[in-house]
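Structure at a glance
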Amino acid sequence: MRKINRTVSVAPMMDCTDRHDRFFMRLMSKNVMLYTEMVATKSAIHGDRKKILGFRDDEKPLALQVGGSDKKELSEVAKIAEDLGYDEINLNLGCPSKKVQKNSFGACLMKEPSLVSECIHEMSKSCSIPVTAKTRIGFDDTEDFDYLNNFIAQIKNAGCKTIILHARKAILKGLTPKQNLNIPKLNYHMVYDIKNKNPDLEIIINGGITNIEDINLHLNKCDGVMIGRAIYQNPYFLTDIEKNIFKNTNVPTRSEVAKETLKYLEEEVKLGTKVNHVMRHTVGLYHGQVGSREWKRYLSDNMMARDSDFQKAKHIITIIQNNEKSNQAIA
Ligand SMILES: Cc1cc2nc3c(=O)[nH]c(=O)nc-3n(C[C@H](O)[C@H](O)[C@H](O)COP(=O)(O)O)c2cc1C
């Protein structure tokens with residue numbers, strides 16, 4: 001089995017990290033690890049597999065994130081993931097949404113270490129790709145090193161060697177999923193302490209990481225970092241990560257990325273994909289740049305069209321590209 005490089009991963013994000021977004025991100029980074037949105041076991045088993053689980057080879061390395069708590073279903077999904085060519089299967093133990101709790105998966109499983117360890121054990125038995133877990137540092141009133149460390153020990157003994165820790169606890173009642181990403185305080189030291197106590201585990205730290213300096217600080221303490229919102233809002237940050245973390249200087253310009261995305265869009269539209277399903281992920285491409293407003297305006301005027309006016313999009317990119325060039329000349 002090829003060793004997966006998890007130095008930097010893009011976090012699984014519902015309604016964000018779908019296959020179009022993953023294609024788009026891969027234009028800017030070949031080295032980050034990518035995750036799907038969370039897929040419930042029942043959808044993975046009974047749903048339209050091509051639509052829900054399909055991906056292109058150039059999205060790899062890619063992990064399927066699954067949500068569930070039925071060990072039979074989870075082991076079936078682990079096998080499906082391996083058969084489809086995913087590089088990893090990741091169990092969601094961190095989502096606090098009401099719907100997810102109602103179905104007994106996500107963060108509420110932090111209360112049930114034995115059930116989680118049975119699930120991981122069954123998943124590990126049914127596939128040979130790595131079974132990993134993404135969890136929080138605590139829940140409700142429980143933000144306690146011994147509790148977390150015991151939870152992690154059980155997961156480890158069941159066959160999980162890589163754990164992604166979102167460095168804030170989940171509040172299971174009273175906060176919306178969005179508030180649960182901001183209100184509980186970040187506690188990076190809890191993650192570092194877990195790594196120190198479990199040097200044999202690969203510990204990936206997640207939550208609030210937004211720049212190269214932070215990435216480097218965390219990489220001194222943990223094995224990898226996972227970044228969500230900072231990349232979705234400013235996807236070109238991926239090229240900084242390529243240059244500074246992976247030492248790859250061969251990165252495309254924003255306009256090259258936009259042009260490649262349009263080529264992909266043309267292919268996808270022919271296959272029946274709606275324009276906005278691809279282009280909505282590109283809203284932040286020119287984040288902080290001259291031209292950002294034109295790009296966003298173009299997208300908001302054209303994204304809902306059945307067939308985008310690709311010539312007009314190319315024209316906008318050329319104008320922005322000229323701006324980029326004159327900015328460089330001024331600088
Ligand atoms: C829109 C959105 C959707 C998310 N969906 C998922 C998900 O499907 N599975 C998951 O484990 N975490 C999900 N998360 C949490 C992220 O994976 C990540 O843990 C969180 O955003 C903290 O990282 P960040 O501060 O770098 O964004 C989601 C977050 C956002 C903003």
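Scroll up a little and you will see the structure.
None of the values given here were measured: they were computed from a predicted structure. As a convention, each chain's residues are numbered from 1 in the sequence order in which they are written. Local features in a predicted model are, by the rule used here, given only for residues with pLDDT of at least 70; side-chain atom pairs are given and counted only at 80 or more, and totals for whole chains, interfaces and linings are based on all residues. Note that the side-chain values use all heavy atoms of the structure and ignore hydrogens as well as water.

Some words on the pairing of strand β2 (residues 34-40)
As a general feature of sheets, a regular strand has side chains that alternate between the two faces. Heads up, the rule is: Any residue under 20% of the maximum accessible area for its type is buried, any over 50% is exposed, and the rest in between are partly exposed; the area is computed with a 1.4 Å probe on protein chains only. Numbering goes from the N terminus for both helices and strands, where a helix is a DSSP run of H or I of at least four residues and a strand is a run of E of at least two. Paired strands are those between which DSSP finds at least two bridges.
Burial within β2 is extensive, with five of its seven residues counted as buried. Here five bridges tie β2 to strand β3 (residues 62-67), and the two strands are oriented parallel to one another. Within β3, the residue paired with A40 across the bridge is G67.

What about the pairing of β3?
Selection rule: When the strands point away from the viewer, a crossover counts as right-handed if the path from the first strand over the helix to the second runs clockwise.
In terms of residue burial, β3 counts as a mostly covered element, since six of its six residues are buried. Neither face of β3 is exposed, since L62, L64 and V66 on one face and A63, Q65 and G67 on the opposite face are all buried. In this sheet, strand β4 (residues 88-93) lies alongside β3 in parallel orientation, the contact comprising four bridges. Paired with L64 across the two strands is I89, which belongs to β4. Following the chain from β3 across helix α4 (residues 71-84) to the adjacent parallel β4, one finds a crossover that is right-handed.

A few points about the packing of helix α6 (residues 113-126) against helix α7 (residues 145-157)
Rule in force here: Note on method: axes are straight lines fitted to C-alpha atoms, helices fitted across the in-contact stretch only, with angles between N-to-C directions ranging 0 to 180 degrees. If an angle is under 35 degrees, it is roughly parallel; if it is over 145, roughly antiparallel; if it lies from 65 to 115, roughly perpendicular; otherwise it is oblique. Less than a right angle of anticlockwise turn of the near helix away from the far helix marks a crossing as left-handed, whereas a clockwise turn marks it as right-handed. Two residues qualify as a contact provided that any one of their heavy atoms is within 4.5 Å of a heavy atom in the partner residue. Note on residue classes: Ala, Val, Leu, Ile, Met, Phe, Trp, Tyr, Cys and Pro are nonpolar, Asp, Glu, Lys and Arg are charged, and everything else, Gly too, is polar.
Relative orientation of the contacting elements α6 and α7 amounts to 25°, with a least axis distance of 8 Å. One finds that α6 runs roughly parallel with respect to α7. Handedness of the crossing formed by α6 with α7: right-handed. Across from P113, S114, V116, S117 and I120 in α6, the residues of α7 making contact are Y147, F151, Q154 and I155. Class assignment of the residues belonging to the contact of α6 with α7 gives a composition of six nonpolar, three polar and no charged.

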